[in-house]
Amino acid sequence: MSGVAAGGSRTLPSSARAPGKCILFGEHAVVHGAPELLFAVDLRTQVVVRAAAETTLNADPRASESNPYFRAALEALWASGPPVEVRSVSRLPRAAGLGSSAAFLAALATALLPEGAAGRPAELAQRCFSLERQAQGVGSPGDTSASVAGGYLTVNSPRGAALWTIEGDSRRWEVRRLEDPGWVWIVAYSGVPRSTADAVRAFARRLENADGPKLLDRFASVAHRGIDALARGDREGVAREMEENQALLREVGVSHPRLEALLEAVAPAAEGAKLTGAGCGGSIVVLPRSGRETEAMRRLARAGAVPFPVRASTTGAEAVGPE
Ligand code: PMV
């Protein structure tokens, strides 16, 4: 079948995929300028875009109105293109703290932008962040940068090799790449969905209290120490700071009884563990004790979670063959 060129830009059909992410330190605080450490997980979203008689997402013709991420991407990247049928398949649970919306945006942008745009990842990361902000109203560029870049990243930290700077909301976030220590993590989804935007707003309100600046400093110190520990391959140090970070997240009220139950269930087989992402439900991330990965998985499953062993994805957003 011959391809369809959209307004001289992208030849269809086109397909791309991008990984989700897991935050190790600094969720929420990063929105306010504190450091963050995260990695792209080896669980991906793949999209296939074909020319069609009407625009649909997974056969839903209303998605371009009802799905704010899809709408934002189409308006910004495909305004003069023909109707398209988009199929999206993901191994990432939604609303679980694993960056499914960032992965969808990074994959869709890679599939819609003219060939070659994937070769300019800094631009792609900025566009995906702007789209996510538009759709979600709040947030930092950590998730979208991880989906675009792959690997381990820091945001607002002097550690790592400079990748790009993202601008928005009168802030600049510096994004850097850290070396992958090669560790296996376990992410466990609690099954409790939540809204990232609501959790981010609740955290922002908490920072308005008189002790807000001090609280933010405590988040920043934990993240700095956690990043330093990971950079020197110090599992014990990383585990300790994960526990400290969890104590802070609990203190500000973004943990959840189900998450606390999972943290307790996995503790004997874990070096460290904490919630990951916006919290208030969603997932936890565990650094399992060496040789006790299966036990950790079993403990989490028995406690009612859906556990996944994950490593960092070495690749970020990338075009793939359409079939
Ligand atoms: O739960 P998720 O995957 O939407 O991650 C949210 C991470 C926050 O730090 C709470 C917000 C952000 O955009 O950084």
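Not measured: the values here are computed from a predicted model. (Residues numbered from 1 in each chain as written. Predicted model: local features only at pLDDT ≥ 70, side-chain atom pairs only at ≥ 80, totals over all residues. Heavy atoms only, no water.)

1. Quick notes on the site of the ligand
Not every one of the 17 residues close to the ligand is listed here, only the nearest: Lys21, Ser140, Arg194, Thr196 and Ala278. In the environment of the ligand, an oxygen atom lies 2.9 Å from a nitrogen or oxygen atom belonging to the backbone of His28. Arg194 has a polar side-chain atom sitting 2.3 Å from an oxygen atom of the ligand. When the ligand is considered free in solution it has 380 Å² of accessible area, and contact with the protein chains removes 96% of it. For the shell around the ligand, the elements supplying multiple residues, two or more each, are strand 3 (14–25) and helix 6 (196–207). Tallied by class, the residues present in the shell around the ligand amount to six nonpolar, seven polar and four charged. Shared between two domains, the shell around the ligand takes at least three residues from each, and those domains are domain 1 (3–181) and domain 2 (185–310). (Near = heavy atom within 4 Å. Polar contact = N/O pair within 3.5 Å; in protein donor to acceptor, adjacent residues only side chain to side chain. Areas by Shrake-Rupley, 256 points an atom, 1.4 Å probe, with all protein chains shown as cover. Helix = DSSP H or I, 4+ residues; strand = E, 2+ residues; numbered from the N terminus. Nonpolar A, V, L, I, M, F, W, Y, C, P; charged D, E, K, R; others polar. Domains from an automatic or database assignment.)

2. A short note on the domain arrangement of the chain
By the assigned domains, the chain splits into domain 1 (3–181) and domain 2 (185–310). Inter-centroid distance (C-alpha atoms) of domain 1 to domain 2 is 23 Å. With 37 residues of domain 1 at the interface, the matching set in domain 2 holds 41 residues. Summing both sides of the interface, domain 1 and domain 2 together bury roughly 3,000 Å²; the carbon and sulfur share of this comes to 73%. Broken down residue by residue, the surface that domain 1 buries against domain 2 is led by Phe25, His28 and His32, which jointly contribute 23%. If you look at where domain 1 meets domain 2, you find two salt bridges. For Arg159, the salt bridge is made with Asp228, and the minimal N-O distance between the two is 2.8 Å. Scanning the region where domain 1 abuts domain 2 turns up ten residue pairs in polar contact (both at pLDDT 80 or more). Elements that contribute at least two residues to the side of domain 1 that touches domain 2 include exactly strand 3, strand 4 (36–51) and strand 7 (152–155). Per-element accounting of the side of domain 1 that touches domain 2 gives the leading share, six residues, to strand 4. (Contact = heavy atoms within 4.5 Å. Buried area = accessible area lost by both parts, 1.4 Å probe. Salt bridge = Lys/Arg side-chain N within 4 Å of Asp/Glu carboxyl O.)

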